[in-house]
Amino acid sequence: MAAQRRKKRGGILPVLVTMVLLVLVAVYMGGGDLEAGLDGVRDAASSLADDAMEAIETLTSDAPEASVAPAATAAPEATDDPGTSAGPLPAGEGMTLTVLEVGKADCLVLQCDGESMIIDGGNEGDEDYILEHLEDMGIEGFRYLVNTHPHEDHLGSLDAVVLAYPVEQAYLSPREHTTKSYENLLGALEEKNVPTSVPSPGDTFALGGAQITVLSPDPDADYDEINDWSLVLLAEYGDVRYLLMGDAETPVETDLLESGADLSADVLKVGHHGSSTSSKRDFLQAVSPDYAVITCDYTESAGAPHDEVAARLEELEIPVLRTDLSGVLTLHTDGRDVSVETERQAA
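Quick caveat: nothing in here was measured; it's all calculated off a predicted structure.

Cut-offs applied
- Residues numbered from 1 in each chain as written.
- Predicted model: local features only at pLDDT ≥ 70, side-chain atom pairs only at ≥ 80, totals over all residues.
- Heavy atoms only, no water.
- Pairing = 2+ DSSP bridges.
- Helix = DSSP H or I, 4+ residues; strand = E, 2+ residues; numbered from the N terminus.
- Axes fitted to C-alpha atoms, helices over the stretch in contact; angles between N-to-C directions.
- Salt bridge = Lys/Arg side-chain N within 4 Å of Asp/Glu carboxyl O.
- Buried < 20%, exposed > 50% of the residue type's maximum accessible area, 1.4 Å probe, protein only.
- pLDDT = per-residue confidence, 0-100.
- Contact = heavy atoms within 4.5 Å.

Observations concerning the sheet that holds strand E9 (residues 232–237)
Right, so step 1: A sheet is described by the order of its strands in space; here 7 strands give the open sequence E7-E8-E9-E10-E11-E12-E13, paired in mixed fashion. Both outer strands of the open sheet, strand E7 (204–207) and strand E13 (320–322), are each paired with one neighbouring strand and no more. Direction aside, neighbouring strands of the sheet carry axes that sit 20° apart on average.
Right, so step 2: Pairing geometry for E7 and strand E8 (residues 210–216), over 4 bridges, is antiparallel.

In structure tokens, the structure reads:
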């Protein structure tokens, strides 16, 4: 607020005192003749009176004028569109991606503003580990459950999750399978009466203040490999984007690039555990992530990221977070920045 200054003024009283003194002086100089003294100062008194009126007018003119406050304008409406970079951020605690350490397999938990979704469920035999971590995270239920594709290392323990926690909606890949682990998942979903559907590219759904968009696959695609039927998801919160590739390989990356979709993301969950069948250079350049997350198992002969992919990420100066080296990964965003916590220091 600008400082306000007020001018100091003498007021009317000094003028009146001056007039009385002049009258007294005139009487004295006129030899005590009051009439003569008054005649001598009549012109001066008139002049002083004019000055007094001018002072009064000046004082009144300096008084602040009454003003009418302008009508209040409506505050801009808050938007819950997390993809609007210029708008206000969604209210809440932010969006957190937790990547569990389940070897060369996937089990991701996305949380936003008190709501949770689980994306894939590790291998068979990971049930106790996953359920223990979900309990430690304070999970009480899932708004969504996603199985990106029907491979055992992405759904092995999802049936145990469905039986242990309420799930509002399940999303499955268009590609079905005949394995026992896949049948177990379908059976658990049916037993718990969980609504189940197959999303299409362009479908969106909200998780708290976050927006989840399905980018792939098209149900009419003709991919040969089951990996390429992975549900590819883009999670957006404020200005921050997480791109989750499942096990999608280079044919999907090519299709996404040719589609003209905005693939830029702050966090990339690398496709197919860092295999050489994914993470093309032009795809990585289009995404240009601040962090590349790789779910892998260093102890397996084929569990670590491929040397070509590791070299490509290093050349493009993309920091890599690996579950085999750092354990559980936690990536949190307030809609502007991303912070990373790891279970242990990377080797």
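Let's pick the thread back up.
Examining the pattern of salt bridges
Right, so step 1: Under the defined criterion, the tally for this structure stands at 10 salt bridges.
Right, so step 2: Note that Arg 241 is salt-bridged to Glu 236, the shortest N-O span being 2.8 Å. The burial state of Arg 241 is the same as that of Glu 236; both residues are buried.
Right, so step 3: The closest approach of N and O atoms between Arg 241 and Asp 262, which form a salt bridge, is 3.6 Å. Of this pair, Arg 241 sits in strand E10 (residues 240–244) while Asp 262 sits in the loop between helix H7 (250–259) and strand E11 (267–269), placing them 21 residues apart in sequence.

Considering the confidence of the model for the protein chain
Right, so step 1: Confidence in the prediction of the protein chain, expressed as mean pLDDT, is 82, and 73% of residues score 70 or more.
Right, so step 2: For the stretch residues 22–28, pLDDT sits under 50, and the model shows 10 contacts to residues farther than four places along the chain or on other chains.
Right, so step 3: Confidence drops under pLDDT 50 across residues 55–87; counting only partners more than four residues distant or on other chains, this segment forms 18 contacts.

Some points on unusual backbone geometry
Right, so step 1: For the bond from Ser 216 to Pro 217, the omega torsion is 5°, close enough to zero to count as cis.
Right, so step 2: Following the sequence through the fold, Pro 217 ends up in the loop between E8 and E9.
Right, so step 3: One non-glycine residue, Asp 120, lies in positive phi territory at about 70°.
Right, so step 4: With phi around 60°, Glu 317 is a residue other than glycine that occupies positive phi space.
Right, so step 5: Its location among the elements puts Glu 317 in the loop between helix H9 (307–315) and E13.
Right, so step 6: Taking relative accessible area as the criterion, Glu 317 reaches 70% and is therefore assigned exposed.

Focus on the sheet that holds strand E2 (residues 108–112)
Right, so step 1: The strand order E6-E5-E4-E3-E2-E1-E14-E15 describes an open sheet built from 8 strands, whose pairing is mixed. The open sheet has two edge strands, strand E6 (196–197) and strand E15 (338–342), and neither has a second partner.
Right, so step 2: Note: strand E1 (residues 95–99) against strand E14 (residues 329–333), 5 bridges, orientation antiparallel. When the sheet's bridge partners are listed, Met 95 is paired in E14 with Thr 333.
Right, so step 3: Against the sheet, helix H6 (residues 180–191) engages strand E4 (142–147), strand E5 (167–172) and E6, with an angle of about 145° to E5.

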